[in-house]
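# Summary of structural features
Spelled out from the first residue to the last, the chains are:
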Amino acid sequence: MVSSRRGYGIDRLISWISHKKTQDPAAGGELIEPAVQPPDDRDSRGTSSRREVLKNLATLPFLGALGWGTVSHARKQVDVMSGATIQLNFSSLGELKGELPVGKIGDQEISRLVLGGNLVGGWAHSRDLRYVSSLFKAYNTEHKVYETLMLAEQAGINAVNIGFATIELMARYRKATGSRIKVICQVHPDMENNDYLVNINKAIDYGVDIIQIQGNQVDWAVRDNRIEVIEKMMGHIRSQGFVAGLGAHTVDSLIACEEDGIIPDYYMKTMHHDNYWSAHPRENRFPFEVDGKRHLDHNRFHDNLFCLFPEKTVDFVNRARVPVMGFKVLAAGAIEPSDGFRWAFENGADFICVGMFDFQIVEDVNITIDVLNNLPGRKREWYG
């Protein structure tokens, strides 16, 4: 059994489950669920030892008949996973080709392959396939998300980039397992109440490691001539001692920020080529149309293209003097991983953020290792 002082183990999980609900006299003695608090027992042990502990934990019927059934009972939900059938399958880890390379963003050491948060949070770019988002949510239950995160950590992925709505889930995961996975949280301003900092402060309260201004929010702020919002958010993130990232779908947004003197600690930019069937013609592309209207005309945007001007993006990335994290490198599933990963790294990305189901993780890690071991076309020096 793993020592509890190391922050991992089934004892820690059972303890967390048993204390998840408490009596509240003010509420008439009814059971209530307290707010999740960030882990308070962080230590300085190395990644390899943490992986070994996770591996040991994974050999137990974790979250199975006992573990997850207890969680379900505690939440007064129907236990639909009874029986000794729910076990974490880590057998594919034997197929790993080696260690996943790492780099640095600020003072944080990050794996070159970062787990994307859309599949964890239940969002999917489905083009005109209306069932896809529902299918993702049906498959990626919280149980499955835990499995996926644990497998990712075992495979060498030490960071996840999440939307703001997922911070509670990640806090629960880290509290339940003692995980030290680095959480990169995307934040957005509360434009309705002119409160640009509220979600930054909430993310800090939940114990995230890196804070990034969400890409579509940066696009919209630049589009609407509200670039001062970005500047204020960036300044506040840094004033709190956090690495500050700047995301975008449209490269014009990052160019405008650069021209205004707003340089982040790293960029997160959509990076993919447009050599796939559903990409609409270049002459019909317009800045800021990602996240905009979806047209029925096949020659216009319909949730189908996320790096509108690839060459312009590559030019910007190659002159950037801070780390760049490419995302949507597979154009939401339209590009093969071996092709998309190579294109992003060869064209200047220092890290790539990829949404992955559990069954894709080992393969994607291996592809990343292979690509990074053979990059004859890369001209940009590595940042981070």
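Structure: above.
These notes cover the structure that comes with them. (Residues numbered from 1 in each chain as written. Predicted model: local features only at pLDDT ≥ 70, side-chain atom pairs only at ≥ 80, totals over all residues. Heavy atoms only, no water.)

Let us now look at unusual backbone geometry. In this structure, R127 takes a positive phi of about 55° despite not being glycine. You can see R127 is positioned in the loop between α4 (118-121) and α5 (132-139). A positive phi is found at D303, a non-glycine position, where the angle reads about 55°. Locating D303 in the fold gives a position in the loop between β10 (266-270) and α12 (310-319). Relative accessible area serves as the criterion here: at 3%, D303 is assigned to the buried category. (Helix = DSSP H or I, 4+ residues; strand = E, 2+ residues; numbered from the N terminus. Buried < 20%, exposed > 50% of the residue type's maximum accessible area, 1.4 Å probe, protein only.)

Turning to the packing of helix α13 (residues 337-346) against helix α14 (residues 361-372), a few remarks are in order. Viewed as axis vectors pointing N to C, α13 and α14 meet at an angle of 45°, and their least axial separation amounts to 10 Å. Here α14 runs oblique to α13, going by the angle between their axes. Crossing handedness for the pair α13 and α14: right-handed. In contact with P337, S338, F341, R342 and F345 of α13, α14 contributes D364, I367, T368, D370, V371 and L372. (Axes fitted to C-alpha atoms, helices over the stretch in contact; angles between N-to-C directions. Parallel < 35°, antiparallel > 145°, perpendicular 65-115°, else oblique. Left-handed = near helix turned anticlockwise from the far one by under 90°. Contact = heavy atoms within 4.5 Å.)

Here we come to the pattern of salt bridges. Counting across every chain of the model gives 17 salt bridges. The shortest N-O distance in the salt bridge between D358 and K144 comes to 2.9 Å. On the criterion of sequence distance, the pair formed by D358 in the loop between β12 (351-354) and α14 and K144 in helix α6 (residues 142-154) is long-range, its members being 214 residues apart. The class of D358 is buried, set by a relative accessible area of 14%. (Salt bridge = Lys/Arg side-chain N within 4 Å of Asp/Glu carboxyl O.)

Looking at the element boundaries, H236 is found in helix α10 (residues 227-239). Residue H236 is classed as buried on the basis of its relative accessible area of 15%. Among residues more than four places away in sequence, those in contact with H236 are L197, I200 and N201.

This part is about the packing of helix α9 (residues 215-223) against helix α11 (residues 251-259). In contact at an axis separation of 9 Å, α9 and α11 are set at 65° when each is read in the N-to-C sense. Crossing hand, α9 versus α11: left-handed. Two secondary-structure elements touch here, α9 through V218, D219 and V222 and α11 through S253, A256 and C257.

Walk down a regular strand and you will see the side chains alternate between the two sheet faces. Taking every second residue as pointing to the same face, the buried face of strand β3 (residues 102-105) carries G103 and I105, while none of V102 and K104 on the other face is buried. Bridge count for β3 against strand β4 (residues 108-111) is 4 bridges, and the pairing is antiparallel. Pairing of G103 across the sheet is with I110, part of β4. Following β3, the chain reverses through 2 residues before pairing antiparallel with β4; G106 in that reversal takes a positive phi of roughly 60°. (Pairing = 2+ DSSP bridges.)

Here H280 is to be found in the loop between β10 and α12. Of the residues examined, H280 reaches a relative accessible area of 1% and is grouped as buried. A distance of 2.9 Å separates polar atoms of two side chains, one belonging to H280 and the other to E289. If we ignore the near neighbours within four places in the chain, the residues touching H280 are R285, E289, H298, N299, R300, F301, N304 and L305. (Polar contact = N/O pair within 3.5 Å; in protein donor to acceptor, adjacent residues only side chain to side chain.)

Moving on, we get to the nonpolar core. The biggest cluster of nonpolar side chains holds 79 residues, and the ones touching the most others in it are I157, M170, I230, L246 and I352. By residue number, the principal contributor to this core is α14, which donates 7 residues. Not counting residues up to four positions away in its chain, the partners in contact with I352 are R112, L113, V114, M325, G326, V329, F341, A344, F345 and T368. Formed by 13 residues, the second largest nonpolar core is a distinct cluster that contains I110, A159, Y266 and F351. (Core = buried A, V, L, I, M, F, W, Y, C linked by side-chain atoms within 4.5 Å.)

Most of helix α7 (residues 167-177) is tucked away, with 9 of its 11 residues classed as buried. Here α7 has its buried residues at I167, L169, M170, A171, R172, Y173, R174, A176 and T177.

Structurally, the position occupied by G326 is in strand β11 (residues 324-327). We classify G326 as buried; its relative accessible area is 0%. In the structure, G326 is positioned 22 residues away from G348 in sequence and 8.8 Å away in space, judged by C-alpha atoms. Beyond its immediate sequence surroundings of up to four residues, G326 is in contact with K269, M271, A349, F351, I352 and C353.

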